[in-house]
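Letter by letter, the chains look like this.
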Amino acid sequence: MNKILKFLKPHVRQVFLIIMILVVQAYCDLSLPAYTSDIVNVGIQQGGVDEKIPNQIAKEDMKELELFLTPTEQKVVQDRYREDASTYEKEAYVLKKEDTSKEQRKELEETLKHSMLLVSMLKEKQPDLPVTSIPEPKRMQMRKQMEEKMSELPEMMTEQASIIYVKSAYKHLGMDMDHLQNRYILIAGAKMLSLAFLGMFASVCVGLLAARVAASTGKTLRSNVFKKVVGFSNAEADKFSTASLITRSTNDIQQIQMVTVMLLRMVLYAPIIGLGGVFKAFHTNVSMTWIIALAVVLISMVVSILFLVAMPRFKSLQKLIDKLNLVTREILTGLQVIRAFSTQKQEEQRFDKVNKELTRTNLFVNRAMTLMMPTMMLIMNGISVLIIWNGAKGIDQGQMQVGDMMAFIQYTMQIIMAFLMICMISVMLPRATVSAARVDEILTCDTMIKDPLHPETFPDEGKGKVEFDHVSFSYPGAEENVLQELSFVAEPGKTTAIIGSTGSGKTTLVNLIPRFYDVTEGAIKIDGKDIRQVTQKELRKKIGYVPQKGVLFKGTIESNILFGNPNGSKEELKEAAQIAQAEDFIMEKQKQYESAVSQGGTNVSGGQKQRLSIARAVAKHPDIFIFDDSFSALDYKTDVALRKALKEHTSESTVIIVAQRISTILHAEQIIVLDEGKIAGKGTHKELLHSCEVYRQIAASQLSEKELKEEMNHEAWA
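**Notes on helix 4 (residues 71-80)**
So, step 1. Of the residues making up helix 4, those classed as buried are Glu 73, Val 76, Val 77 and Arg 80. Taken around the axis of helix 4, the buried residues stretch over an arc of 95°, which confines them to a single face.

**Quick notes on the side chain of Glu 73**
So, step 1. Relative to the elements of secondary structure, Glu 73 occurs in helix 4.
So, step 2. For Glu 73, a relative accessible area of 18% translates into the label buried.
So, step 3. Aside from chain neighbours lying at most four places away, what touches Glu 73 is Phe 68, Thr 111 and Arg 143.

**Quick notes on the packing of aromatic side chains**
So, step 1. For the structure shown, the criterion picks out seven aromatic pairs.
So, step 2. The interplanar angle of 80° and the centroid separation of 5.0 Å between the aromatic rings of Phe 473 and Tyr 475 together place this pair among those described as edge-to-face.
So, step 3. On the accessibility criterion, Phe 473 (2% relative accessible area) is buried.
So, step 4. Judged by relative accessible area, which is 29%, Tyr 475 ranks as partly exposed.
So, step 5. Aromatic pair Phe 625 and Phe 627: ring centres 5.8 Å apart, planes at 0°, arrangement stacked. The exposure classification of Phe 625 matches that of Phe 627, with both residues buried.
So, step 6. An aromatic cluster is built from Phe 473, Tyr 475 and Tyr 517, whose rings are joined through pairwise contacts.
So, step 7. Directly above the aromatic system of Tyr 93 lies the positively charged group of Lys 59, at a separation of 5.8 Å from the ring centroid.
So, step 8. The ring of Phe 458 carries the charged tip of Lys 542 above its face, separated from the ring centre by 5.1 Å.

**Some remarks on the pattern of salt bridges**
A side chain of one charge can pair with a side chain of the opposite charge if their charged atoms are brought near each other.
So, step 1. Tallying each qualifying case throughout the model produces 20 salt bridges.
So, step 2. Between Lys 529 and Glu 456 there is a salt bridge, with the nearest N and O atoms lying 3.0 Å from each other. With Lys 529 in strand 8 (residues 529-530) and Glu 456 in the loop between helix 15 (402-443) and strand 4 (466-473), this pair connects stretches of sequence that are 73 residues apart.
So, step 3. Look at Lys 529 and you get partly exposed, because its relative accessible area is 23%.
So, step 4. The exposure class of Glu 456 is partly exposed, given its relative accessible area of 33%.
So, step 5. Residue Lys 525 pairs with Asp 469 through a salt bridge whose shortest N-O separation is 4.0 Å. You can see Lys 525 sitting in strand 7 (residues 521-526) and its partner Asp 469 sitting in strand 4, a full 56 residues away along the chain.
So, step 6. When its relative accessible area of 25% is taken as the criterion, Lys 525 is described as partly exposed.
So, step 7. When salt bridges with common partners are traced through the structure, they connect Lys 59, Glu 83 and Glu 91 into a single cluster.

Conventions we followed
Residues numbered from 1 in each chain as written. Predicted model: local features only at pLDDT ≥ 70, side-chain atom pairs only at ≥ 80, totals over all residues. Heavy atoms only, no water. Buried < 20%, exposed > 50% of the residue type's maximum accessible area, 1.4 Å probe, protein only. Helix = DSSP H or I, 4+ residues; strand = E, 2+ residues; numbered from the N terminus. Arc of directions from axis to C-beta. Contact = heavy atoms within 4.5 Å. Phe/Tyr/Trp six-rings, centres within 6.5 Å; stacked < 30°, edge-to-face > 60°. Lys NZ or Arg CZ within 6 Å of the ring centre and 35° of its normal. Salt bridge = Lys/Arg side-chain N within 4 Å of Asp/Glu carboxyl O.

Pasting the structure below:
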């Protein structure tokens, strides 16, 4: 979770704005149940009357009320009302609303409530008996008895009794009660619609902002991961498999992006609506709040069981996707070999095994999630029934109204849904947390190859002289050195060849020059400058590297040859192709240099791929050429022609060639013979035939006995 929040740091302002909009949305959602309650209670049951005292009352009705008031109370009432003889059918008293504060209105309600209830009861029991005919002592005694009885009644009943009197007073005054009711319902409905539209607009805004933040986070992560991976040395590339890097860059970031939307849209909203729902529910009816607690406990139990069962499977999903990507990539890459050896069936079984394992895990997780939803719905419906059961008792006892019960149900559902949202995201969060940790592992990976804090530069007069000064190297985590105490100099204008048996460290040696790895001991210098003291960019600018396995990129032949020199001219392009002996097959193509090259160069042969790779290095015009067994796929004739053209073009450059064939390095000015990571011999071809047993054995394995004797005798005669 901390990793996901860390990725959201650049978007703090947007997150704060989302929270503000969510507060508005929560206010709208929490207000709607209250309006529903008002429409049912006031609009329908009370006929649109929500006043506990009449705002307008006929003079004769007011005189009846004053009969049960003390002189002081009568004075308070008279001060709050004014006479109105023209507005209504009868002469009336109208409440001075502009001069009456909330406290004064409350005082007036307390003053009149007993009188209103007494008058209502008397008219209901003896409608023909005038209230004014009751003697004063009797009236005061009746009031005292009424006060004692009202103290034992629920407040809701006394309020309803007051409202009933107010309705009868309005009717007696000749007011249109249907109009009053319709007006109240329409105004309340209009407010509900306004809040609903505002809530909808807020929801759309939050969804849009959350999607933008998540998309931006995903874009930034993909960009950062790509930049980091591109900067990896071979050591880091070996640590993370290619399949895993692809999964982390795609599926893992997608998981983070999806959960980010849910965090911003649901998790931030859940506590706001949940706490607001609790506050509203407590103000609606305190006696039923235990039902909310029961609902939360039941949902917690369901989610806890789900966590225990499904969580281990959630955590293993990403590793299974890694595994599936790895197997898929291996099969697709080695498709020709698989067909050649007729092992399609075995590879299908291997793929099916991994695929079925991932499918089983996904099915288990999805079934668990599917089972959770009906369980939650059962709990929510059960809670609704429980609220109605208890609410009906409260309504029957006069402790609450129907609208309040309906509002309480809605508040309870909002609280449960808030808790459910948090639980849902809690189920999905572990997978996203694993994904975030995997992505962060790449972003925080400490690369072994770093630029110096204060980089130096190569001398301007330097021509690319390469010097190995007591160089030793071991791979990270290895106990023994792969290369040990290597010392030699590769001069500009000369060819230095590296030869040795398989596993002797030839490729490792040349990989140290462009700093794909750093030396363990000693130093590699170019033009007298330690390569670790200059930036990687400046170092690699001097090097034209042709790897052991030719790599081409999707595009055209031209884009591949000018890959290291994108601003190169047409003349440079053609010159590089001619030197690499690639012009013949290029000109045979319909579009020539504009011919398409597929991903990985799968639409060209191995020899053509090598020649294009060599042309790419030549077009860069580097000071140092490194050919890592780059002539192995060429026929003898092409090999000879290419080396001859290359010799002329690289007359001032340092050329380092790793080769398996002696014929390729026969005319090299210096040959380094490697044996188990050590220099077994150093010299020209003829010198090494006499001085180096390892080289002699390699020569014997490649040259005929007659050729070998001729070489030996020629050297001896010389």
